[in-house]
Amino acid sequence: MPTIAAARPFPYTFDLTTTALLVIDMQRDFLEPGGFGESLGNDVSRLRRTIAPLGALLAAARAAGMTVVHTREGHLPDLSDCPPAKLQRGAPRMRIGDPGPNGRILIRGEYGHDIVDELAPLPGEPVVDKPGKGAFHATGLGDLLAEQKIDSLLVTGVTTEVCVHTTVREANDRGYECLVLADCVGSYFPEFHRAGLDMIAAQGGIFGWVADSTDVLAVLPTTPSSYASS
Ligand code: TIU
């Protein structure tokens, strides 16, 4: 089984057949101007450094035959799955459901809600639509992973301290072994990004492990069969 020796707080070993690459919310609404992230007052360009390493990791995971799961945060057009507490929070420039340059903000089916072109899911890869920050809350993700006998997750996406952290915490309580890839997760706030990663690995890996995608690329087989036969 591949081992990421450089992972902190200690080496992370995973089985390719029971590990999924989880790509959280790499949507235009968070990464491009005119979407939800910008409406909250954020500099969305801060997230773009994640796209290239995540693209390389996606390609390698697909070549190795790993399970890949994408998620998208968003709501039904009638907002029936959006709690008033989320809809009315704060004083954003545009609220969830308002019309923006990429369609209605954070609404399923709109251009802005979809995943950026560089990381588009392949046909057949599951895309889990989620109304909350955590990917397990009110979704079929738990059942989907159970069906595939997945017990470990390579976690990527945005943002580090919001949807990535919430999902890692949910996954940790459900018994998954999570490795978070530092260069493939991003935040609008560099200090939250750093602290968020530190929180995962602290206390002996209280929520999981942290490493870089290059550490994973170094141990992934280039074909599904080459690992099985080695
Ligand atoms: N605002 C922020 O940092 N993130 C979110 O609202 N959603 C996700 O992280 N996907």
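The rules behind these values
- Residues numbered from 1 in each chain as written.
- Predicted model: local features only at pLDDT ≥ 70, side-chain atom pairs only at ≥ 80, totals over all residues.
- Heavy atoms only, no water.
- Helix = DSSP H or I, 4+ residues; strand = E, 2+ residues; numbered from the N terminus.
- Expected span 1.5 Å × (residues − 1).
- Buried < 20%, exposed > 50% of the residue type's maximum accessible area, 1.4 Å probe, protein only.
- Contact = heavy atoms within 4.5 Å.
- Near = heavy atom within 4 Å.
- Polar contact = N/O pair within 3.5 Å; in protein donor to acceptor, adjacent residues only side chain to side chain.
- Areas by Shrake-Rupley, 256 points an atom, 1.4 Å probe, with all protein chains shown as cover.
- Nonpolar A, V, L, I, M, F, W, Y, C, P; charged D, E, K, R; others polar.
- Pairing = 2+ DSSP bridges.

### Focus on helix H7 (residues 190–205)
At step 1: The terminal C-alpha atoms of H7 lie 21 Å apart, and with 16 residues this matches the ideal 22 Å at 1.5 Å per residue to within 8%.
At step 2: For H7, the full list of buried residues reads His193, Gly196, Leu197, Ile200 and Ala201.
At step 3: Taken together, the buried residues of H7 touch helix H6 (160–173), strand S9 (177–186) and strand S10 (209–211).

### Details of the site of the ligand
At step 1: By nearness alone, every residue bordering the ligand is listed as Asp25, Phe30, Phe36, Leu40, Glu73, Lys133, Val158, Thr159, Val162, Cys163 and Tyr188.
At step 2: Within the side chain of glutamate 73, an N or O atom sits 2.8 Å from a nitrogen atom of the ligand.
At step 3: The contact in question runs from a nitrogen atom of the ligand to an N or O atom on the backbone of valine 158, over 3.1 Å.
At step 4: Here the ligand, which alone exposes 290 Å², has 93% of that area covered by the protein.
At step 5: Residues belonging to the shell around the ligand are distributed by class as follows: 7 nonpolar, 1 polar and 3 charged.

### Quick look at the side chain of aspartate 81
At step 1: Mapped onto the secondary structure, aspartate 81 falls in the loop between strand S4 (67–73) and helix H4 (84–87).
At step 2: At 3.2 Å, the side chain of aspartate 81 and the side chain of histidine 75 are in polar contact.
At step 3: Those residues in contact with aspartate 81 that lie beyond four places of it in its chain are Gly74, His75, Leu76, Arg108 and Pro131.

### Remarks on the pairing of S4
At step 1: Counting buried positions along S4 yields 7 of 7 residues, so the element is predominantly enclosed.
At step 2: By the alternation rule, side chains of S4 split into Thr67, Val69, Thr71 and Glu73 and Val68, His70 and Arg72, which are all buried.
At step 3: Relative to S4, strand S3 (residues 19–24) runs parallel, the two being bridged by 5 bridges. Looking at the pairing, valine 23 lines up with histidine 70 of S4.
At step 4: Pairing of S4 with strand S7 (residues 127–130), which is carried by 4 bridges, proceeds in the parallel orientation. Residue pairing in the sheet places threonine 71 in a bridge with valine 128 of S7.

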